[in-house]
Amino acid sequence: MTRRAAVIVAAGGAGRRMGGVRKQYLELCGEPVLVRSLRPFLAHPAVEWAVVALPAEDAVDPPDWLTGLDARIRVVAGGAERGDSVRRALEAVPEEAEFVLVHDAARPLVTAAVIDRVLDAAAGGVGAVAAVPVTDTLKEVGPDGTIVATPDRRRYWRAQTPQGFPRALLVEAHRRAVAEGVAATDDAALIERYGGRVVVVEGAPENLKVTEPVDLLVAEALLRARDRGAVR
């Protein structure tokens with residue numbers, strides 16, 4: 001079945017945990033992190049449109065390495081919060097798109113298999129979130145540092161991106177959020193808030209988010225291992 005999808009890449013972060021350096025522009029094995037994050041979607045047969053939400057000052061004159069990467073890429077100015085950026089990008093997605101994938105610019109190791117699983121689930125009319133099961137023991141801690149509970153980790157998953165949705169479902173959720181003044185920090189949470197069903201699909205442990213300097217080193221090691229065929 002042919003699926004017409006758009007990807008929104010949220011790349012408006014200020015990089016506070018990177019010491020103020022915008023992590024989406026950092027070089028990862030010879031290319032900006034943002035480029036690495038876009039490539040798997042641009043190579044996917046279902047993705048016909050790509051909208052990148054950059055910091056407003058960068059969207060005025062986006063870098064050539066981004067605009068010249070692929071003719072499908074459109075750049076929009078992001079907002080003050082991630083949800084604002086996604087909403088602005090969503091407004092640039094054409095109605096012909098049946099599905100929308102939302103991805104963090106700082107996740108440069110996503111694979112085609114993960115994208116496939118998210119799209120397959122979204123094709124069922126629901127929201128879908130790539131995620132991996134929690135493997136560490138979880139502790140709920142009170143204000144004074146005392147452990148008050150040990151939750152069953154089998155019920156918990158670590159959410160990743162992409163998240164995927166039927167376009168109409170996501171558009172309606174954002175419309176309602178704006179009307180009610182709800183801050184949309186997570187698109188899946190918005191769908192849940194307004195009564196939609198969201199499911200988890202298998203992500204990948206290597207689909208890490210570059211948040212701190214050590215993450216960049218890990219991502220570089222994983223990319224080199226992938227090039228050698230040691231990681232798929």
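The coordinates are above.
A brief report on the enclosed structure follows. Counting restarts for each chain, with residues numbered from 1 along the sequence as it is written. At least 70 in pLDDT is required for a residue's local features to be given in this predicted model, at least 80 for side-chain atom pairs to be given and counted, and no such filter applies to totals for whole chains, interfaces and linings, which use all residues. For the side-chain quantities, the full set of heavy atoms in the structure was used; hydrogens and water were omitted.

## Thoughts on the overall build of the protein
To keep it simple, the criterion reads: Secondary structure counts use DSSP, requiring at least four H or I residues in a row for a helix and at least two E residues in a row for a strand, with both numbered from the N terminus. Both definitions apply: the radius of gyration is a C-alpha atom measure, and the globule rule equals 2.2 Å times residues to the power 0.38. For every residue, the accessible area obtained with a 1.4 Å probe (protein chains only) is divided by the maximum for its type, and the residue is called buried under 20%, exposed over 50%, and partly exposed between those limits. In short, Shrake-Rupley with a 1.4 Å probe defines the accessible areas, and a residue's cover is counted only from the protein chains shown.
The number of helices and strands found in the protein is eight helices and 11 strands. Rg of the C-alpha trace for the protein: 18 Å, near the compact-globule value of 17 Å for 232 residues, within the 12% margin. Principal-axis analysis of the C-alpha atoms gives the protein an extent of 55 × 45 × 40 Å. For the protein, the proportion of its 232 residues judged to be buried stands at 48%. In the structure as shown, the protein presents an accessible area of about 11,800 Å², 49% of it carried by carbon and sulfur atoms.

## Brief notes about unusual backbone geometry
At the junction of Thr 161 and Pro 162, the peptide bond is cis and its omega measures out at 15° in the coordinates. Here Pro 162 is to be found in strand β10 (residues 157–166). Here Cys 29, not a glycine, exhibits a phi torsion of approximately 50°, which is positive. Structurally, Cys 29 can be placed in the loop between β2 (27–28) and β3 (31–32).

## A word on the packing of aromatic side chains
In plain terms, the rule: Any pair of Phe, Tyr and Trp rings, taking the six-membered ring for Trp, is counted once the centres come within 6.5 Å. Such a pair is stacked with planes under 30 degrees apart, edge-to-face with planes over 60 apart, and tilted for the rest.
All told, the structure shown has one aromatic pair when counted by the stated rule. When the ring of Tyr 25 is compared with that of Trp 65, the centres are 6.0 Å apart and the planes differ by 75°; the resulting orientation is edge-to-face. Linking Tyr 25 in the loop between β1 (5–10) and β2 with Trp 65 in helix α3 (residues 64–67), this pair joins segments that are 40 residues apart in sequence. With relative accessibility at 33%, the residue Trp 65 sits in the partly exposed group.

## A look at the nonpolar core
Note the following rule: Working definition of a nonpolar core: buried Ala, Val, Leu, Ile, Met, Phe, Trp, Tyr and Cys residues. They are joined through side-chain atoms within 4.5 Å. The contact criterion used is simple: two residues touch if any of their non-hydrogen atoms lie within 4.5 Å.
Residues Leu 34, Leu 38, Val 52 and Leu 101 are the most contacted members of the largest nonpolar core, which totals 32 residues. At the level of secondary structure, the elements contributing two or more residues to this core comprise β1, α1 (33–42), β4 (47–54), β6 (99–104), α5 (112–122), β7 (127–133) and β11 (198–202). Ranked by the residues each element gives to this core, the list is headed by α5, at six residues. Not counting residues within four places of it along the chain, the set of residues in contact with Leu 34 comprises Val 9, Ala 11, Gln 24, Val 52, Leu 54, Trp 65, Leu 66 and Ala 105. Ranked by size, the runner-up nonpolar core spans 25 residues in total, among them Ala 10, Val 100, Ala 188 and Ile 191.

## A word on the pairing of β1
Short version of the rule: Strands pair, by our definition, only if DSSP identifies at least two bridges between them.
Within β1, six of the six residues are buried, leaving the element largely enclosed by the surrounding structure. Residues Ala 5, Val 7 and Val 9 of β1 are buried on one face, and the alternating residues Ala 6, Ile 8 and Ala 10, pointing to the opposite face, are buried as well. Here β1 runs beside β4; their pairing, made up of six bridges, is parallel. By the bridge assignment, Ile 8 is partnered in β4 with Val 51. The pairing of β1 with β6 spans six bridges and is parallel. Each bridged residue has a counterpart across the sheet, and for Ile 8 the counterpart in β6 is Val 102.

## With respect to the sheet that holds β7
Just so we agree on the cut-off: Axes here mean lines fitted to C-alpha atoms, for a helix over just the part in contact, with angles spanning 0 to 180 degrees between N-to-C directions.
Pairing within the open sheet is mixed, and its seven strands lie in the order β5-β4-β1-β6-β10-β7-β11. Single-partner strands in this sheet number two, and they are β5 (73–77) and β11. Shown here is a sheet whose adjacent strand axes are inclined to one another by a mean of 25°, direction ignored. Strands in contact with α5 are β1, β6, β7, β10 and β11; relative to β10, the strand with the most contacts, it is inclined by about 55°. Relative to β10, helix α6 (residues 167–180) is tilted by about 105°, and along the sheet it contacts β6, β7 and β10.

## Some thoughts on the packing of helix α4 (residues 82–91) against α6
Put simply, the test is: Angles are sorted into four bins: roughly parallel if under 35 degrees, roughly antiparallel if over 145, roughly perpendicular if 65 to 115, and oblique for all others. Rotating anticlockwise by less than a right angle from the far helix to the near helix defines a left-handed crossing, while the corresponding clockwise rotation defines a right-handed one.
Between α4 and α6, the least distance of the axes is 11 Å, while the angle of their chain directions is 125°. The orientation of α4 relative to α6 falls into the category oblique. Remark: the crossing between α4 and α6 carries left-handed chirality. In this structure, α4 contributes Gly 83, Val 86, Arg 87 and Leu 90 to the contact, and α6 contributes Leu 170, Val 171, His 174 and Val 178.

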